[in-house]
Amino acid sequence: MRSFERKVYLVGAGPGDPDLLTVKAVKVLRKAQVVLYDDLVSAKVLRLCRKSAELIYVGKRIGQHSCAQQEINEKIAEAASQYDIVVRLKGGDPAIFARVGEEFAYLLSLGIDCEIVAGVTTASGAAASLGIPLTHRDYAREIVFLSGHKKDGKNSEGFRDLVCAGKTLIVYMGLNSLETITKELLNSQNPEDTPIAIIENATLESERILTGNLGNILELASKNEVRSPALLVIGGIVRFYIEMEALRKEARQQAFSI
């Protein structure tokens, strides 16, 4: 068995707001000699790295891959051959739709010790930021995490025969597949008025939320020029959010009039 001499930390950077980083993630960033970071890692998070750390961009977005996965694997391994403490920094939680399994297996196959450091996933961060509980006894008793894409294209199969009632669907990387997603859900007998929210730049100062339903969200997204990164939330819990926003607006008006 090959001995472990160096260590790579596969770290979750959270949804963007540096306040949502775990204490362990901050500790690791402050001792890392090199940090290989994703496109979705915010500049504010990168400022937490030690000043002497080498920062290497290895961004990946749908249709705009600056680095193929194998190339990223090799870059991490190369960094591990030169430095004792290496961080591979990923947006959200590295274990949720972030290909951490591929990187973990590749590094171990080379005898490089590695550790996964959990992060706040975008769904949880966005929900807390906007006041949307992902579960509620009266609206949603299940959560389904889905990706809008798979390795070889759009994930239409994941939404086929999927019933939204009683569930909260969280869709990562779903904006470019929005037409396919809504089509498959409507074909699965979900009503047109099934609520859907698109959350753009979750937890950041530029955060924006757009609400609609399966019948009109495509038109609304186009009209409002929604851009990635964006998270889709589908199901009755979006109706709860709309109701709470109305109550919040009413409370503000009452406070202003006092």
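What comes next is a walk through the structure. Quick caveat, the model's predicted, so the values are computed rather than measured.

Read from one edge of the open sheet, 5 strands run E6-E9-E12-E10-E11, paired in mixed fashion. For this open sheet the edge positions go to strand E6 (142-147) and strand E11 (208-213), each flanked by a neighbour on one side alone. Here the average twist between neighbouring strands, direction ignored, is 20 degrees. Taken together, the 6 bridges between strand E10 (residues 195-200) and E11 define a ladder with antiparallel strand orientation.

Below, the discussion takes up the packing of aromatic side chains. Evaluation of the coordinates by the stated rule reveals 4 aromatic pairs. For the ring pair Tyr 37 and Tyr 57, a centre distance of 5.6 Å and an interplane angle of 55 degrees mean the geometry is tilted. Placement of Tyr 37 in strand E2 (residues 34-37) and of Tyr 57 in strand E3 (residues 54-57) is noted, with a sequence separation of 20 residues between them. Here the aromatic rings of Phe 145 and Tyr 172 are separated by 6.3 Å at their centres, their planes lie at 35 degrees, and the arrangement is tilted. Of the two residues, Phe 145 sits in strand E6 while Tyr 172 sits in strand E9 (residues 167-172), which places them 27 residues apart along the sequence. Of the residues examined, Tyr 172 reaches a relative accessible area of 9% and is grouped as buried. An aromatic cluster is defined as three or more aromatic residues linked by ring pairs; in this entry it consists of Phe 97, Phe 145 and Tyr 172.

Our focus in this paragraph is the side chain of Glu 184. Within the secondary structure, Glu 184 is located in helix H6 (residues 178-187). Given a relative accessible area of 12%, Glu 184 falls into the buried group. Residues in contact with Glu 184, not counting those within four places in the same chain, are Ser 156, Phe 159 and Arg 160.

Turning our attention to unusual backbone geometry. Residue Pro 229 follows Ser 228 across a cis peptide bond; omega there is 5 degrees. For Pro 229, the position within the fold is in the loop between helix H7 (217-223) and strand E12 (230-234). Positive phi is not limited to glycine here, since Phe 97 has a value of about 55 degrees. The topology assignment puts Phe 97 in the loop between strand E4 (85-90) and helix H4 (100-109). Under the relative-accessibility criterion, Phe 97 is labelled partly exposed at 38%. Positive phi is not limited to glycine here, since Arg 99 has a value of about 60 degrees. As for its placement among the helices and strands, Arg 99 is situated in the loop between E4 and H4.

Counted by the stated rule, this structure contains 9 salt bridges. A salt bridge links Glu 205 to Lys 44; the shortest N-O distance between them is 3.3 Å. Placement of Glu 205 in the loop between E10 and E11 and of Lys 44 in helix H2 (residues 43-46) is noted, with a sequence separation of 161 residues between them. Lys 44 sits in the partly exposed class, given a relative accessible area of 41%. Close ionic contact of Glu 200 with Arg 208 constitutes a salt bridge, the shortest N to O distance being 3.2 Å. Taken together, the shared-partner salt bridges in this structure form one network comprising Asp 38, Arg 88, Lys 90 and Glu 103.

About the cut-offs
- Residues numbered from 1 in each chain as written.
- Predicted model: local features only at pLDDT ≥ 70, side-chain atom pairs only at ≥ 80, totals over all residues.
- Heavy atoms only, no water.
- Pairing = 2+ DSSP bridges.
- Helix = DSSP H or I, 4+ residues; strand = E, 2+ residues; numbered from the N terminus.
- Axes fitted to C-alpha atoms, helices over the stretch in contact; angles between N-to-C directions.
- Phe/Tyr/Trp six-rings, centres within 6.5 Å; stacked < 30°, edge-to-face > 60°.
- Buried < 20%, exposed > 50% of the residue type's maximum accessible area, 1.4 Å probe, protein only.
- Contact = heavy atoms within 4.5 Å.
- Salt bridge = Lys/Arg side-chain N within 4 Å of Asp/Glu carboxyl O.

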